[in-house]
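Overview (structure and organization)
So the chains spell out like this:
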Amino acid sequence: MSIELDLVPTGLVRAIEELPLVDHHVHGASTRDLSRKAFEEMITESDRPVPEWMTQFDSQVGYAILRHCAPVLGLEPYCTPEEYLARRARIGTDEVNRLLLGAAGIGHFLVETGYRGDELLGPSGMAEATGVPADEVVRLEAVAEQVAAAGCAAGAFADRFTEALWERSRSARGLKSIAAYRYGLDFDPAPPSREEVTEAAGRWFSAGGFRLDDPVLLRHLIWTGLERGLPLQFHIGYGDPDVDLRRSDPLLLRGLIELAEPTGVPLLLLHCYPYQRQAGFLAHAYPNVYFDVGLGVNYAGARSVALVGESLEVAPFAKILFSSDAWGAAELHYLGAHLWRRAMERVLGGFVADGEWSVGQAVRVVSMVGAENARRVYELGAG
Amino acid sequence: MSIELDLVPTGLVRAIEELPLVDHHVHGASTRDLSRKAFEEMITESDRPVPEWMTQFDSQVGYAILRHCAPVLGLEPYCTPEEYLARRARIGTDEVNRLLLGAAGIGHFLVETGYRGDELLGPSGMAEATGVPADEVVRLEAVAEQVAAAGCAAGAFADRFTEALWERSRSARGLKSIAAYRYGLDFDPAPPSREEVTEAAGRWFSAGGFRLDDPVLLRHLIWTGLERGLPLQFHIGYGDPDVDLRRSDPLLLRGLIELAEPTGVPLLLLHCYPYQRQAGFLAHAYPNVYFDVGLGVNYAGARSVALVGESLEVAPFAKILFSSDAWGAAELHYLGAHLWRRAMERVLGGFVADGEWSVGQAVRVVSMVGAENARRVYELGAG
Amino acid sequence: MSIELDLVPTGLVRAIEELPLVDHHVHGASTRDLSRKAFEEMITESDRPVPEWMTQFDSQVGYAILRHCAPVLGLEPYCTPEEYLARRARIGTDEVNRLLLGAAGIGHFLVETGYRGDELLGPSGMAEATGVPADEVVRLEAVAEQVAAAGCAAGAFADRFTEALWERSRSARGLKSIAAYRYGLDFDPAPPSREEVTEAAGRWFSAGGFRLDDPVLLRHLIWTGLERGLPLQFHIGYGDPDVDLRRSDPLLLRGLIELAEPTGVPLLLLHCYPYQRQAGFLAHAYPNVYFDVGLGVNYAGARSVALVGESLEVAPFAKILFSSDAWGAAELHYLGAHLWRRAMERVLGGFVADGEWSVGQAVRVVSMVGAENARRVYELGAG
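What counts, and at which threshold
Residues numbered from 1 in each chain as written. Chains lettered and ligands numbered in written order. Predicted model: local features only at pLDDT ≥ 70, side-chain atom pairs only at ≥ 80, totals over all residues. Heavy atoms only, no water. Helix = DSSP H or I, 4+ residues; strand = E, 2+ residues; numbered from the N terminus. Rg over C-alpha atoms; globule rule 2.2 N^0.38 Å. Buried < 20%, exposed > 50% of the residue type's maximum accessible area, 1.4 Å probe, protein only. Contact = heavy atoms within 4.5 Å. Areas by Shrake-Rupley, 256 points an atom, 1.4 Å probe, with all protein chains shown as cover. Buried area = accessible area lost by both parts, 1.4 Å probe. Salt bridge = Lys/Arg side-chain N within 4 Å of Asp/Glu carboxyl O. Nonpolar A, V, L, I, M, F, W, Y, C, P; charged D, E, K, R; others polar. Pairing = 2+ DSSP bridges. Right-handed = clockwise from strand over helix to strand, strands pointing away. Phe/Tyr/Trp six-rings, centres within 6.5 Å; stacked < 30°, edge-to-face > 60°. Lys NZ or Arg CZ within 6 Å of the ring centre and 35° of its normal. Least-squares fit on C-alpha atoms with pLDDT ≥ 70 in both. Core = buried A, V, L, I, M, F, W, Y, C linked by side-chain atoms within 4.5 Å. Polar contact = N/O pair within 3.5 Å; in protein donor to acceptor, adjacent residues only side chain to side chain. Axes fitted to C-alpha atoms, helices over the stretch in contact; angles between N-to-C directions. UniProt positions renumbered as here; feature names shortened; annotations may be inferred.

**Some details on the overall build of chain A**
What chain A contains, in helices and strands, is 17 helices and 7 strands. Taking 383 residues into account, the globule formula puts the C-alpha radius of gyration at 21 Å, and chain A, at 21 Å, falls close to it. If one aligns the C-alpha atoms of chain A with their principal axes, the spans along those axes are about 60 × 45 × 40 Å. Across the 383 residues that make up chain A, the buried fraction comes to 66%. Considering only contacts in chain A between residues 6 or more positions apart, those separated by 24 or more positions represent 76%. Total accessible area computed for chain A in this model is approximately 12200 Å², and 50% of it derives from carbon and sulfur atoms.

Next comes the structure, spelled out in structure tokens:
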């Protein structure tokens, strides 16, 4: 169902290229200068050192950088890793960020700050670097861990977390749970009782109160998040080795989705690879479920067209969003947008070339998925 | 592996377009006049109201209706939902049904009557509306619930169900289990004992004897169905939110498939989305397993070519069937056939264009999957 | 993302066609003359008789034989099964093997000898028939069953197995576990204690000491294999009905992968269908994980391009290997290589035609996946 790009109708190409996207789940760009080792470790989800007998440039994301980021930095496409990194070093990280973030064509960033956020540009830094609005998405587990670090009695944890979350999210647009990383999505979906929370907090604090991975507390965070009422994002599927991919199948969230339905809070399933069809089913079945295929698009590179295609099956078009999930290297911010645009051109261009969709329908779906759905869900205004 | 339709050899196109299909799992068409709300709720598997901030026409099945059903009703392709529904209302439901059911080109319907069948055309109504034979597929759970509604002692349930099933299926061509909806496919595959059945029937009757969701009774129904000896269909995968998609993976049926193998009863896995490859594996491994990708084809619209492609991998071609699983709106009956034909043209046309298959081989597979396999399994005669 | 083969750049086609592949997991070719029944039973993974109402030639692998193997035997493509088998019988099995094994263009075979190896050519027979090196991969379970057959006390089993494994694998290049067939991959990943092994061996010997399917012993074999230090292959996913496909998801190996990481032993996930994306994720996340899509490529025939495409998503290219997993009929040895080459031409040719990859990058990946990665992992030298 894909198609040579030069066969895609000009009107559709223009609509896709010119649409200011809402990147509804992204992290900040790094302002550090990066050695080759540091750069290679930033273009993989693995947290292991890259083995000496390989280079991370020999991957879809590596080839996509050499193909698509190189011209943004003034190089020929398909340059070598050495040429690319030399150029990157020569023009400096600030300029690299300016060029790549600018070329991404984002109209609004929703920046999740909970993972090593102090090493990266925050929402205001992202807004400054790009000249477009950037709002925050607050990671529930990070707030809870700050509460623990500040010290509190187990019996006070629930109240202190509520206070901290309301305070921390005053101007936020959304919340995020990484229960998939910390436990798996196969937790009991019901809210835990106050007593269970106190008991679990006691266990956690006795163990030091660092990494929160107790399922009772993870559930409590989610249910407090639902009370807070902001759109709630969930890490789903693909990520670093910390995730048990088998236990991050979005279908495991069915119980929670149904219990949360009366709250009216939008639940946004992030990334989802390789469970994009499962996510699409949930978005079809439940009015409160949305999803995207960010992250996977970047790491699948030339194959991202397949992922985007699979995301456009049973879910209503009003339930699909765009994100890059970029973290650190600005190449990932650019590719997240650029590869998604190319994939949409090929997939929707294929529907049009096959006579299945009109150009107008394709343009409408691009606009919904790329920006309008996120503007509605997060109440961002007209953009 | 897909291809522009105008590159598909004429002989293959003609064979596909002209083949009278056997729709081996379909429900009746609705004869009611439908408001926009009622129509939109009929073109989704969700049982929730369509949220006011979206329309179900913004989906693959919605676009397929505007593209493919519109011309059957005398409209231009890619009309608006408003134009479509106005036209539909003007010509009236009977004429809409006549046009769309007729254009589907079905040679034989196997009509499953167990879900709100009184709101729809039955087998004889479908035969009358189309002029081709229509036989019945009997839903096991519906028969059991009728037995319960008529009133019986727990200890008499097993015998009463057997009598009712034999009576009810005298002229039926097949049976169907919706254990996936009622419990999940992760049930104990062995037949329950008489005592277990009595005990479970007692529990069920005490609770009112309405919706049958006890796994002991569901197993009993299946094993009684296997004794009855008609081909036995199973709902698999995609459906309404009543299904836990994770627990409707066809691989969960492995134990039952092996226990049922000596009975010689064909087991037909319906729909299967997104587990079509898993279903194909079972059809490859076990002589008594068949499958189709109905329902998913309709809801994937322009992407149905991907599903049909994935269904043509490891399963022998004698084990794959066609169905629409249409329910209610006759648009779904038409699209089930029409989208399948277009997908087969693209997928098999692609094999031929790539030099992998001959036209003769492609025509043979179309004929097997579209009609012959079902005629053999259900003993429908030559057609 | 696939493409007409005549649009693939000549340089890429030549690189793919001329590369001597390393088939890192294959079984021997059969030297028996085969009746039609015996041949059909060899071109399916099912161990059931082919039902009389179908022929296994009506399948993707059957059509691939008639399309691609026929010309190697001097017939027209798309001949009938009868013509094919008559020709096969006339020229004789030795000549069939010489022609098909020769046409496969393999540079080095790694022959797994543990399944009915006495009916097939062994490594030296394969080397003789092809004129290229063939080394052995030793199946752990076969060695253990030989130890049991020779007779030993339960308390001596662990030592006797170690001795036998070291002896048996003196010149082997790799080891293989079929725990997926014998139990499932959902076993406790930790090494069992000496006492547990003795106890389990006692149970096994009391039951006759034949088929080893005790999870304690299967784990013991794997951990002894990790001590032996040769690259360790795992059957994953698709295979004969002996496998519970649901319990052969590679994600179930996560615990073992992490525990085995410090040993530095490469873990090679074989076949993987339909879990190739899950395997790719593991190869992305863990430095010690590799995978291939052998077996599935053969049985998917004209659809193998889809599998190969899905294998080229998130895994670094240094972690993907080629295998045929052919067993018995030399058609499977030939098709394993030939269909893989055609799929790589289409998938990588598509990336090049789309402007996503350079020809040089595509040639590099072909060389890595087709030969270099296996040469490095198994220390085969330059080839």
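From this point on, the discussion continues.
**Topic: the interface of chain A and chain B**
Every contact between the two is made by 36 residues of chain A and, on the other side, 42 residues of chain B. Summed over both partners, the interface of chain A with chain B comes to about 3500 Å²; 55% of that surface belongs to carbon and sulfur atoms. Remark: the boundary between chain A and chain B carries 7 salt bridges. Across the pair B:Asp58 and A:Arg364 runs a salt bridge whose closest N-O atoms are separated by 2.6 Å. Of all the secondary-structure elements, those providing two or more residues to the side of chain A that touches chain B are helix 12 (254–260), helix 13 (276–285), helix 15 (304–311), helix 16 (330–353) and helix 17 (359–377) of chain A. Taken together, the residues that form the side of chain A that touches chain B break down as 18 nonpolar, 6 polar and 12 charged.

**Looking at the pairing of strand 2 (residues 106–112) of chain A**
The side chains of a regular strand alternate, first on one face of the sheet and then on the other. All names here are of chain A. Burial of strand 2 is extensive: 7 of the 7 residues sit out of reach of the surface. Relative to strand 2, strand 1 (residues 21–26) runs parallel, the two sharing 4 bridges. Each residue of the ladder has a partner; that of Val-26, found in strand 2, is Val-111. As defined by bridge partners, strand 2 adjoins strand 3 (residues 134–139) across 4 bridges and the pair is classed as parallel. Looking at the pairing, Val-111 lines up with Glu-136 of strand 3. You can see the chain leave strand 2, run along helix 6 (residues 123–130) and come back into strand 3, and the turn it takes is right-handed.

**Overview of the packing of aromatic side chains**
Across all of its chains, the model carries 48 aromatic pairs over all chains by this definition. A ring pair is formed by C:Tyr238 and C:Tyr299, whose centres lie 5.9 Å apart and whose planes are at 80°; its orientation type is edge-to-face. With a gap of 61 residues between them, C:Tyr238 in the loop between strand 5 (232–236) and helix 12 (254–260) and C:Tyr299 in helix 14 (residues 296–300) connect regions that are remote in the sequence. For C:Tyr238, a relative accessible area of 0% corresponds to the buried category. Between C:Phe317 and C:Trp357 the ring centres are 5.4 Å apart and the planes differ by 65°, which places this aromatic pair in the edge-to-face class. Residue C:Phe317 is found in the loop between helix 15 (304–311) and helix 16 (330–353), and its partner C:Trp357 is found in the loop between helix 16 and helix 17 (359–377); the two are separated by 40 residues along the sequence. Residue class for C:Phe317 comes out buried when judged on its relative accessible area of 0%. One cation-aromatic arrangement involves A:Arg247 over A:Tyr183; the distance from NZ or CZ to the ring centre is 4.8 Å.

**Observations regarding the relation of the copies chain A and chain B**
Its rotation angle being 120°, the transformation that places chain A on chain B also includes 0.0 Å of axial translation and leaves an RMSD of 0.0 Å. Such a combination of rotation and displacement between the chain copies is what one expects of a three-fold axis. Residue by residue, only 3% of the interface of chain A is reproduced at the interface of chain B, so the copies engage with different surfaces.

**Here we look at the relation of the copies chain A and chain C**
Under the fitted operation, chain A is carried onto chain C by 0.0 Å of movement along the axis and a turn of 120°, and the coordinates agree to an RMSD of 0.0 Å. Comparing interface residues between copies, only 2% of those in chain A also lie at the interface in chain C; the contact surfaces differ.

**Here's the deal with unusual backbone geometry**
Of note, the bond from B:Tyr273 into B:Pro274 is cis; its omega dihedral lies within 30 degrees of zero at 0°. Looking at where B:Pro274 falls in the secondary structure, it is placed in the loop between strand 6 (267–271) and helix 13 (276–285). One non-glycine residue with positive phi stands out, namely A:Arg116, at about 50°. The backbone of A:His271 sits at a positive phi, close to 70°, despite the residue not being glycine. Its place among the elements puts A:His271 in strand 6 (residues 267–271).

**Overview of the nonpolar core**
The biggest cluster of nonpolar side chains holds 433 residues, and the ones touching the most others in it are A:Tyr84 and B:Phe157. Here A:Tyr84 is in contact with A:Phe39, A:Ile65, A:Leu66, A:Cys69, A:Ala70, A:Leu73, A:Leu75, A:Cys79, A:Leu100 and A:Glu331, once residues within four sequence places are set aside.

**Quick notes on the pattern of salt bridges**
Proximity of charged atoms lets side chains of opposite charge pair with each other. Residues and elements named next belong to chain B. Under the definition given, this model contains 83 salt bridges over all chains. Close ionic contact of Lys-176 with Glu-112 constitutes a salt bridge, the shortest N to O distance being 3.0 Å. One end of the pair, Lys-176, is in strand 4 (residues 174–177); the other, Glu-112, is in strand 2 (residues 106–112), with 64 residues separating them in the sequence. The pair formed by Lys-176 and Glu-112 is uniform in burial state, with each residue classed as buried.

**A look at the interface of chain A and chain C**
Where interface size is given, it is often the accessible area lost as the parts come together that is meant. At the interface, 42 residues of chain A touch 36 residues of chain C. In total, chain A and chain C occlude about 3500 Å² of area from one another, counting both sides; carbon and sulfur atoms represent 55% of this. Its largest share of buried area at the contact with chain C, chain A owes to A:Trp53, A:Tyr63 and A:Arg303, together 20% of the area lost on that side. At the junction of chain A with chain C, the criterion picks out 7 salt bridges. Note that A:Arg48 and C:Glu261 form a salt bridge whose closest N and O atoms lie 2.7 Å from each other. Seen at the junction of chain A and chain C, the total is 24 residue pairs in polar contact (both at pLDDT 80 or more). At the level of secondary structure, the elements contributing two or more residues to the side of chain A that touches chain C comprise helix 3 (60–72), helix 14 (296–300), helix 15 and helix 16 of chain A.

**Section: the sheet that holds strand 6 of chain A**
Sheet strands pair via backbone hydrogen bonds, and the direction of the pair is either parallel or antiparallel. All names here are of chain A. Read from one edge of the open sheet, 7 strands run 1-2-3-4-5-6-7, paired in parallel fashion. Across the chains shown, the open sheet's two edge strands, defined by having one partner strand only, are strand 1 and strand 7 (289–291). When strand polarity is set aside, the average angle formed by the axes of neighbouring strands in this sheet is 25°. Across the sheet, helix 6 touches strand 2 and strand 3, and the angle it forms with strand 3 is around 155°.

**Considering the UniProt feature "domain: Amidohydrolase-related" (unreviewed entry) in chain A**
In the numbering adopted here, UniProt assigns the feature "domain: Amidohydrolase-related" (unreviewed entry) to residues 172–380 of chain A. Taken end to end, residues 172–380 of chain A is 50% helix and 8% strand, and its first and last C-alpha atoms sit 11 Å apart.

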